[in-house]
Amino acid sequence: MSSGAGPQYCVAPGGVVTGELTVPGDKSISHRALMLGGIAEGETEITGFLAGEDCLATLRALQALGVRIERPRPQTVRVSGRGLEGLTGAAAPLDMGNAGTAMRLFMGLLAPQAFDSTLIGDESLMRRPMERVAEPLRLMGADIRTHEGRPPVEIHGTPKLRAIDYALPVASAQVKSAVLLAGLRAFGRTRVTEPAPARDHTERMLSAFGVEVLREGSSVAIEGGQRLTATSVAVPADFSSAAFFLVAGCLAAEHGLLLRNVGVNPTRTGLLEMLRLMGADIRVHTPRQASQPGGEPTADIEVRKSRLKGIRVPESLVPLSIDEFPAFFIAAAVAEGETLVRGALELRVKESDRLAAMAQGLSVLGVENQLLEDGLWIRGGAALGGGTIESHGDHRIAMAFAVAGLAASGTIEIRDVANVATSFPGFLEIARSAGLQIESA
Ligand code: S3P
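Residues numbered from 1 in each chain as written. Predicted model: local features only at pLDDT ≥ 70, side-chain atom pairs only at ≥ 80, totals over all residues. Heavy atoms only, no water.

Digging into the overall build of the chain
And step 1. Across its full length, the chain holds 13 helices and 25 strands.
And step 2. Taken over C-alpha atoms, the radius of gyration comes to 21 Å for the chain, in line with the 22 Å a tight globule of 441 residues would show.
And step 3. When its C-alpha atoms are laid out on the principal axes, the chain stretches across 60 × 45 × 40 Å.
And step 4. Residues counted as buried form 60% of the 441 residues belonging to the chain.
And step 5. The long-range share in the chain, meaning contacts at least 24 apart out of those at least 6 apart in sequence, stands at 75%.
And step 6. As displayed, the chain offers around 15700 Å² of accessible surface, 49% of which is attributable to carbon and sulfur atoms.
And step 7. Taken as two groups, the 43 positive and 49 negative side-chain charges of the chain have centres that lie 2 Å from each other. (Helix = DSSP H or I, 4+ residues; strand = E, 2+ residues; numbered from the N terminus. Rg over C-alpha atoms; globule rule 2.2 N^0.38 Å. Buried < 20%, exposed > 50% of the residue type's maximum accessible area, 1.4 Å probe, protein only. Contact = heavy atoms within 4.5 Å. Areas by Shrake-Rupley, 256 points an atom, 1.4 Å probe, with all protein chains shown as cover. Lys, Arg positive; Asp, Glu negative; His and termini not counted. Charge placed at Lys NZ, Arg CZ, Asp CG, Glu CD.)

Structural notes on the pattern of salt bridges
And step 1. If you walk through the whole model with that rule in mind, you get 36 salt bridges.
And step 2. Here Glu131 ties to Arg138 by a salt bridge, and the two come within 2.8 Å at their closest N and O atoms.
And step 3. A salt bridge links Lys176 to Glu203, with the shortest nitrogen-to-oxygen separation between them at 2.8 Å. Residue Lys176 is found in helix α5 (residues 173-183), and its partner Glu203 is found in helix α6 (residues 201-208); the two are separated by 27 residues along the sequence. Both residues of the pair, Lys176 and Glu203, belong to the buried class.
And step 4. Counted as one network, the salt bridges with shared partners bring together Arg128, Arg199, Asp323, Glu351, Arg354, Asp394 and Arg396. (Salt bridge = Lys/Arg side-chain N within 4 Å of Asp/Glu carboxyl O.)

Remarks on the site of the ligand
And step 1. Ser28, Arg32, Thr101, Ser172, Ala173, Gln174, Arg199, Ile322, Asp323 and Lys350 make up every residue found near the ligand.
And step 2. Thr101 is positioned with one of its side-chain polar atoms (N or O) 3.5 Å from an oxygen atom of the ligand.
And step 3. A distance of 2.9 Å is found between an oxygen atom of the ligand and a backbone nitrogen or oxygen belonging to Gln174.
And step 4. Computed on the free molecule, the ligand has an accessible area of 380 Å², of which 96% lies beneath the protein chains in the complex.
And step 5. Taken together, the elements giving at least two residues each to the shell around the ligand come down to α1 (27-39) and α5.
And step 6. Residue contributions to the shell around the ligand reach at least three from each of two domains, namely domain 1 (9-25 + 236-440) and domain 2 (27-234). (Near = heavy atom within 4 Å. Polar contact = N/O pair within 3.5 Å; in protein donor to acceptor, adjacent residues only side chain to side chain. Domains from an automatic or database assignment.)

Focus on the sheet that holds strand β13 (residues 189-193)
And step 1. Spatial ordering of the open sheet is given by β11-β13-β15-β14, a layout of 4 strands whose pairing is mixed. Edge positions in the open sheet fall to β11 (165-167) and β14 (213-216), since each of these has one partner strand only. The average undirected angle you get between the axes of adjacent strands in this sheet is 15°.
And step 2. Summarising the sheet, β13 and strand β15 (residues 219-223) pair through 5 bridges and their orientation is antiparallel. (Pairing = 2+ DSSP bridges. Axes fitted to C-alpha atoms, helices over the stretch in contact; angles between N-to-C directions.)

Re the packing of helix α9 (residues 325-334) against helix α10 (residues 354-364)
If you want to describe how two helices pack, look at the angle between their axes and the distance between the axes.
And step 1. The contact between α9 and α10 brings their axes to 11 Å, and the two run at 35°. The crossing of α9 and α10 is right-handed. Contacts between α9 and α10 involve Pro326, Phe329, Ile330 and Ala333 from the former and Arg354, Leu355, Met358 and Leu362 from the latter.
And step 2. A class-by-class count of the residues in the contact of α9 with α10 yields 7 nonpolar, no polar and 1 charged. (Left-handed = near helix turned anticlockwise from the far one by under 90°. Nonpolar A, V, L, I, M, F, W, Y, C, P; charged D, E, K, R; others polar.)

Details of the sheet that holds strand β7 (residues 117-120)
And step 1. Pairing is mixed across the open sheet formed by 4 strands, whose spatial order is β6-β7-β9-β8. Either end of the sheet is taken by a strand with one partner, and the two such strands are β6 (94-95) and β8 (143-147).
And step 2. Sheet topology places β7 next to strand β9 (residues 150-156); 3 bridges connect them, and they run antiparallel. By the bridge assignment, Ser117 is partnered in β9 with Ile155.

Here we look at the domain arrangement of the chain
And step 1. Annotation of the chain at the domain level lists domain 1 (9-25 + 236-440) and domain 2 (27-234).
And step 2. Counting residues at the interface gives 29 residues for domain 1, matched by 31 residues for domain 2.
And step 3. Regarding the contact of domain 1 and domain 2, the summed buried area is about 2300 Å², with carbon and sulfur atoms giving 46% of it.
And step 4. The largest contributions to the domain 1 side of the interface with domain 2 come from Arg268, Glu351 and Thr422, which together make up 22% of the buried area.
And step 5. For the pair domain 1 and domain 2, the interface holds 3 salt bridges.
And step 6. The salt bridge involving Arg128 is made with Glu351; its shortest N-O contact spans 3.9 Å.
And step 7. Counting residues per element, the ones that place at least two in the side of domain 1 that touches domain 2 are α11 (395-404) and α12 (420-423).
And step 8. By residue class, the composition of the side of domain 1 that touches domain 2 is 11 nonpolar, 10 polar and 8 charged. (Buried area = accessible area lost by both parts, 1.4 Å probe.)

A few points about the packing of aromatic side chains
And step 1. Throughout the structure, instances matching the rule amount to 7 aromatic pairs.
And step 2. Centroid distance Phe245 to Phe424: 6.2 Å. Interplanar angle 65°. Geometry classified as edge-to-face. Here Phe245, found in helix α7 (residues 239-252), pairs with Phe424, found in the loop between α12 and α13 (427-434); they are 179 residues apart in sequence, far enough to count as distant.
And step 3. Judged by its relative accessible area of 1%, Phe245 falls in the buried class. (Phe/Tyr/Trp six-rings, centres within 6.5 Å; stacked < 30°, edge-to-face > 60°.)

Written out as structure tokens, the structure is:
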């Protein structure tokens, strides 16, 4: 766990949120646009790129693998693709920082290369499970070592992988994506079957780069050896970053809060349904369908202060809102009555153990809760107090408790918030512009 050192937030109690805002670009899509751009033929232009630390780790790793990348503007990136076989070995271990997505997708990308690679990360990433990706890649013939299941990940490049038919044991977009990326260099047809739908950005973007992606029910398959053709990628605002303001709006947007150009891929928007089940007043203005094949739908979303009531979260919504639970648990703390989430074991292996971190923080604020093996029970509706919250170095825990300030009766201090910059650079300024009374200390 993090030591709790580093910058902190100090959030004054109460306040209202209002106005219009656009949160930064989608993290998942920005990672994938860089990676697919790197192995495509031609120049890929990415606009709306998330210049957060996680995606910058991917950008730097690709540069270390020989990919030329320019950033004419902070949110515009041009990637000169090296083709499927054009990456070159890096001189040093590739540092993925805090980014689990970067490490897991790079495992799939680097396993079939003609050179060796070592992947490392920060304190949090070095504790996260990597066998879930290494195992299916080994079935394809890859030579990968983890250390008791964790990084560093040592990859001995094996250019001749074989296709597999793989049933994912958990609904994980990262594992699915790693297998598909390795499948690009495998002989035969690689097929992945999901137990429940996980985000499908990789499949969509492979199509956008001209790869034929075969979807059949809960399976997705690609034929190995297909070339990628460079394209332009317009990255929408990140639904997972918008989530904090959706909850803030439910708590304190008396006159409404408008979030612009948010990505509303249905494999990401489970939180909308969960909040609506709680009684939230949320309007999704006519979604704009993707302008090109393989693109992503976007919409403006308006939210108003609502009387929330506790719910039992349908398990089918868990994978569709997996990154939004920290924000959701704050809504549950304010909602009248009991909220129960089960089937969310995956939350224990995110940037922190998010079930434990949220339970601990809610207890500090005086919210009655019970930590379950695979979920959390919360009795909401009583006034939230103030106190000092440990973020455990987890960006989403930090931002969730910043939003809690809107419903608190005392000051909330949040420790160790530096990692907010991994997914949401400029959070403080945007949060303040919406009305949150938050200072950095
Ligand atoms: C991501 C997938 C999810 C999510 C993560 C980003 C991705 O993880 O939690 O923040 O970009 O593929 P899992 O696929 O492990 O559930």
